[in-house]
Amino acid sequence: MTTMTDTSNAARFREFKMPDVGEGLTEAEILKWYVQPGDTVTDGQVVCEVETAKAAVELPIPYDGVVHELRFPEGTTVDVGQVIIAVDVAPGTGDAAPAPEPAAQPEPEPEAPKGRQPVLVGYGVAETSTKRRARKGTAAPAPAAAAAIQGEMNGHGAATVRESRPLAKPPVRKLAKDLGIDLATVVPTGEGGIITRDDVHAAATPVPAQAQAPVAAEAATVPAPEAPAAAVAGARETRIPVKGVRKAIAQAMVDSAFTAPHVTEFVTVDVTRTMKLVAELKEDKDMAGVRVNPLLIIAKALLVAIRRNPEVNSAWDEANQEIVRKHYVNLGIAAATPRGLIVPNIKDAHDMTLPELAAALGELVSTAREGRTSPAAMAGGTVTITNVGVFGVDTGTPILNPGESSILAVGAIKLQPWVHKGKVKPRQVTTLALSFDHRLIDGELGSKFLADVAAILEQPKRLITWA
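What counts, and at which threshold
Residues numbered from 1 in each chain as written. Predicted model: local features only at pLDDT ≥ 70, side-chain atom pairs only at ≥ 80, totals over all residues. Heavy atoms only, no water. Helix = DSSP H or I, 4+ residues; strand = E, 2+ residues; numbered from the N terminus. Buried < 20%, exposed > 50% of the residue type's maximum accessible area, 1.4 Å probe, protein only. Polar contact = N/O pair within 3.5 Å; in protein donor to acceptor, adjacent residues only side chain to side chain. Pairing = 2+ DSSP bridges. Core = buried A, V, L, I, M, F, W, Y, C linked by side-chain atoms within 4.5 Å. Contact = heavy atoms within 4.5 Å. Axes fitted to C-alpha atoms, helices over the stretch in contact; angles between N-to-C directions. pLDDT = per-residue confidence, 0-100.

## Section: the side chain of Asn345
At step 1: Mapped onto the elements of the fold, Asn345 is located in strand S17 (residues 345-346).
At step 2: We classify Asn345 as buried; its relative accessible area is 7%.
At step 3: Of note is the side chain of Asn345, whose polar atom sits 2.9 Å from the side chain of Lys347.

## With respect to the pairing of strand S12 (residues 314-317)
At step 1: As judged from the four bridges shared by S12 and strand S13 (residues 322-325), these two strands associate in the antiparallel manner. For Trp316, the partnering residue across the bridge sits in S13 and is Ile323.
At step 2: Counted along the chain from S12 to the antiparallel partner S13, the turn is four residues long, and its residue Gln321 has a positive phi close to 50 degrees.

## Observations concerning the nonpolar core
Note that soluble globular proteins tend to have their nonpolar side chains buried in a common cluster.
At step 1: Of all hydrophobic cores here, the largest spans 47 residues; its most connected members are Leu302, Leu331, Leu357, Ile385, Leu408, Leu432 and Val453.
At step 2: Where this core is concerned, the elements lending two or more residues are helix H8 (272-282), helix H9 (294-308), strand S14 (331-333), helix H10 (354-369), strand S18 (383-387), strand S19 (406-410), strand S21 (423-437) and helix H11 (443-458).
At step 3: The biggest single contributor to this core is H9, with 11 residues.
At step 4: Excluding residues that lie within four positions of it along the chain, Ile385 makes contacts with Leu295, Ile298, Ala299, Leu302, Leu331, Gly332, Ile333, Ala334, Leu408 and Val410.
At step 5: Counting residues in hydrophobic clusters, the runner-up holds 21 residues, among them Phe16, Met18, Val35 and Ile61.

## A few points about the sheet that holds strand S2 (residues 27-33)
At step 1: Here four strands make up an open sheet; going across it, the order is S5-S4-S2-S7 and the pairing antiparallel. Whereas interior strands pair on both sides, the edge strands pair on one side only; in this sheet they are strand S5 (56-60) and strand S7 (77-79). When strand polarity is set aside, the average angle formed by the axes of neighbouring strands in this sheet is 40 degrees.
At step 2: Sheet topology note: the S2/S7 ladder contains three bridges and is antiparallel. Looking at S7, one finds that Glu27 is bridged to Asp79.

## Brief notes about the confidence of the model for the chain
At step 1: On average, the chain scores 78 in pLDDT, and the residues at 70 or more come to 73%.
At step 2: Every residue in residues 99-164 is under pLDDT 50, and counting partners more than four places away or in other chains gives 64 contacts.
At step 3: Segment residues 207-231 is flagged for pLDDT under 50; beyond a separation of four residues in sequence, or across chains, it makes 15 contacts in the model.

## Quick notes on the sheet that holds strand S8 (residues 83-88)
At step 1: Spatially, the four strands line up as an open sheet ordered S1-S8-S6-S3, and their pairing is antiparallel. The sheet terminates laterally at strand S1 (13-17) and strand S3 (40-41), the two strands that pair on one side only.
At step 2: In this sheet, S8 lies alongside S1 in antiparallel orientation, the contact comprising five bridges. Residue Lys17 lies in a different strand from S8, and its bridge partner there is Val83.

What follows is the structure in structure tokens.
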């Protein structure tokens, strides 16, 4: 029966759910909490940072009040729609606790089976019945103990009864399973005897016998520098859970490779004049305050080549069996970040002047390196450039970004012997590789497109005559 107290508590404590911060994303990992229970928050204040399959995103809270409860610890992957934080929007009025837990004072339910226990999050209902064989070496938990575990797992309070089954949240149990760690052997350091991710990682790192100790306080005295060396010497394999950006990259590459028939063409080009232009633009007052590099000229060359060959800027609509011709260019730039490869894009790059394009490239790169790229910045790309030359690589066979028709790989620019005006001279040379979707781009069109990019880089004045 719903009471007035239940209703008032429901109105007082507002629950914030994990939102869909991208296009159809289903989960996100909580990277960092910026608040703790008892902290005052205001509408629009960032309370946590989460990592989706596309990027790291900061989440603002839509309420004013005091943080009552954090439902999940850092490092937990949470489904969209799950409550992650509860806020007391009317602090100081009445009882500070939310509505009473049904498990604490269960009402008689004739239809409920006798001996029913609270649900342990992620594991379902554990019924005490003679028909269910007990886990080997483990006694069935008493109702009081199960209630204590339930409260701790939901973050409502510390467990008061220590069971023989180790206390750990589902993501931590999965991590232990992936690393081959028996939770019964892990020393818990979390509040109330909860095993944390750090505890599991510590257990996965062998320590010298003389440094081992029976309690967590003594185990913490093991010298930190010895752990990595021991891990390298003792472990033959390391298992890393596939999630976040890496999971998204893997799925996207598989989808692209086995959906779009790829063709890759190569051309080696003398970019000596382009490098001279870059040096001159660095001294140009109109380019002051923006970064000028070869990638800027290559990006502009690609945009001019698309204008000359507009059919390449298309997409394949499988559902409607249509080719979608795009009259705009959202230029993607593949960026390597600590969290993995991402491809943010510059919206409407075709309409930008050279200084505007330079500023947009600089902002894109700095945002990606700081991990602040939003999912919206990575959506809607039409064509991509990947600069593998920064790693000293000559070229590659890039895989298309899903939904796009082509991707240009730029190799390292090196001083090489080259025939110039009938004589062998040292020239700045690079190799370009263009991968394209053969459903959309025939060999002739792809070859003309790549040849135009190369021709502009060989004679940058074509940026003017062809624009």
